[in-house]
Each structure stands twice: as C-alpha cells, then as structure tokens.
Amino acid sequence: MGARGELFTTQIHLDNRSYFFNVKENRTGDVFLQVVESKNRDGVEADRHQIAIFAEDMQKFLQGMEKSLEFIEKDRKARQKAAREKKAAKEAKYGSGSASKKIYRVKGEKSAKADDGIKRTGRIHVVSKRPDASE
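As the structure is a prediction and not an experimental result, all values here were calculated from the model. (Residues numbered from 1 in each chain as written. Predicted model: local features only at pLDDT ≥ 70, side-chain atom pairs only at ≥ 80, totals over all residues. Heavy atoms only, no water.)

Details of the pairing of strand S1 (residues 6-13)
When a strand is regular, its side chains alternate between the sheet's two faces.
Next up, step 1: Pairing geometry for S1 and strand S2 (residues 17-25), over seven bridges, is antiparallel. The residue bridging Ile12 from the neighbouring strand is Tyr19, located in S2.
Next up, step 2: In this antiparallel pair of consecutive strands, S1 and S2, the connection spans three residues. (Pairing = 2+ DSSP bridges. Helix = DSSP H or I, 4+ residues; strand = E, 2+ residues; numbered from the N terminus.)

Section: a nonpolar patch on the surface
Next up, step 1: Where nonpolar side chains cluster on the molecular surface, the patch consists of Met65, Leu69, Phe71 and Ile72 and spans about 410 Å² of accessible area.
Next up, step 2: When you line up the elements, Met65 lands in helix H1 (residues 58-94). (Patch = residues over 30% accessible without salt bridge, like charges linked within 9 Å, V, L, I, M, F, W, Y side chains within 5 Å. Areas by Shrake-Rupley, 256 points an atom, 1.4 Å probe, with all protein chains shown as cover. Salt bridge = Lys/Arg side-chain N within 4 Å of Asp/Glu carboxyl O.)

Thoughts on the pattern of salt bridges
Next up, step 1: This structure, assessed with the given rule, holds three salt bridges.
Next up, step 2: Across the salt bridge formed by Arg76 and Glu73, the nearest N and O atoms sit 2.3 Å from each other. Taken together, the residues span about one helical turn, with Arg76 and Glu73 both in helix H1 at a distance of three residues.
Next up, step 3: Under the relative-accessibility criterion, Arg76 is labelled partly exposed at 37%. (Buried < 20%, exposed > 50% of the residue type's maximum accessible area, 1.4 Å probe, protein only.)

Focus: the packing of aromatic side chains
To describe a pair of aromatic rings, one takes the distance between the centres and the angle between the planes.
Next up, step 1: Taken as a whole, this structure holds one aromatic pair when the rule is applied.
Next up, step 2: When the ring of Phe32 is compared with that of Phe54, the centres are 5.3 Å apart and the planes differ by 45 degrees; the resulting orientation is tilted. Of this pair, Phe32 sits in strand S3 (residues 31-41) while Phe54 sits in strand S4 (residues 44-54); the two residues are 22 residues apart in sequence, bridging distant segments of the chain.
Next up, step 3: On the accessibility criterion, Phe32 (14% relative accessible area) is buried. (Phe/Tyr/Trp six-rings, centres within 6.5 Å; stacked < 30°, edge-to-face > 60°.)

Remarks on the side chain of Ser18
Next up, step 1: Its place among the elements puts Ser18 in strand S2.
Next up, step 2: For Ser18, a relative accessible area of 14% puts it in the buried group.
Next up, step 3: A polar atom in the side chain of Ser18 sits 2.9 Å from the side chain of His13.
Next up, step 4: Apart from residues no more than four positions distant in its own chain, Ser18 is found in contact with Ile12, His13, Val36, Glu37 and Ser38. (Polar contact = N/O pair within 3.5 Å; in protein donor to acceptor, adjacent residues only side chain to side chain. Contact = heavy atoms within 4.5 Å.)

Observations regarding the sheet that holds S4
Next up, step 1: With antiparallel pairing, four strands are arranged side by side in an open sheet as S1-S2-S3-S4. Two strands in the sheet have a free side with no partner beyond their single neighbour: S1 and S4. This sheet shows a mean twist of 15 degrees between the axes of neighbouring strands, independent of strand direction.
Next up, step 2: Sheet topology places S2 next to S3; nine bridges connect them, and they run antiparallel. (Axes fitted to C-alpha atoms, helices over the stretch in contact; angles between N-to-C directions.)

Digging into H1
Given 3.6 residues per turn, any residue in an α-helix points the same way as the ones three and four places further on.
Next up, step 1: The end-to-end C-alpha distance of H1, which contains 37 residues, comes to 53 Å, matching closely the 54 Å that a straight helix rising 1.5 Å per residue would cover.
Next up, step 2: At the exit of H1 stands Gly95, carrying a positive phi of roughly 90 degrees. (Expected span 1.5 Å × (residues − 1).)

Below you can see the structure in the form of structure tokens.
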C-alpha cells in the first residue's frame, strides 16, 4: 500500500487542468475512488477539488455517469443537426455561397459606365437640381 492508503493512481493532463484518479483504502479497510481536479490559476497555487466514491456505490455512480454521457452525445448530435438544417434553410433562402456574392469594383479600376464628367471619390455626392444662374 502506498502513501496515504493509495492502491492505484492515474493522471490526465489537459490545458490548464489535471485530473487524478486515486484508488484508496481507509483505516477501516473500505476501498474508494478519489477523483481530484487541480486547476492552475495564473501560475500561482492551484485550485483543488475532490470527490470520493465508495466501492459499494460505484455501480450507481457509473450508471449516472453513463446516462450523463449518453445525454451529452445526443445533445451534441441534435445541435449539429439543427446547425445543418439552419445552414440549409439559409442557403435555400439566400442562395448558396459564391453564386449570390456581390462583385465590387477595385479602386482605380475603370468602370464600363460612360464618363459623365462627375468626379467620384467614393463619398456620397449631393447634386443640386436648381438651375444654374449662368444658364
């Protein structure tokens, strides 16, 4: 038996978290699973949270875990399906991708329009409809 009653330990390291699964035995001989989450906080002391599941409760715990995992998987698939349907509806309404894209003239490029003598700078121009006094 290891330090502090540890019989078996395994670790999982993620980006900023680590999980430890420790199988331990207490002083009275009860075997239990200790799950510890260690979370780094800006390079300082880590937050640690732990739960203990005793051997006689392990099957119920695993059943709850299985139900939760099944729900997560069904929910993930439902969200993916809804996203695909939303995308298909959007494409049906507005057309698919490149066919409906607007083509803009590049600045400095000559347009096919006739030159009407108005200098266009890209800003909004207001043209007065009052007749000139010179006319």
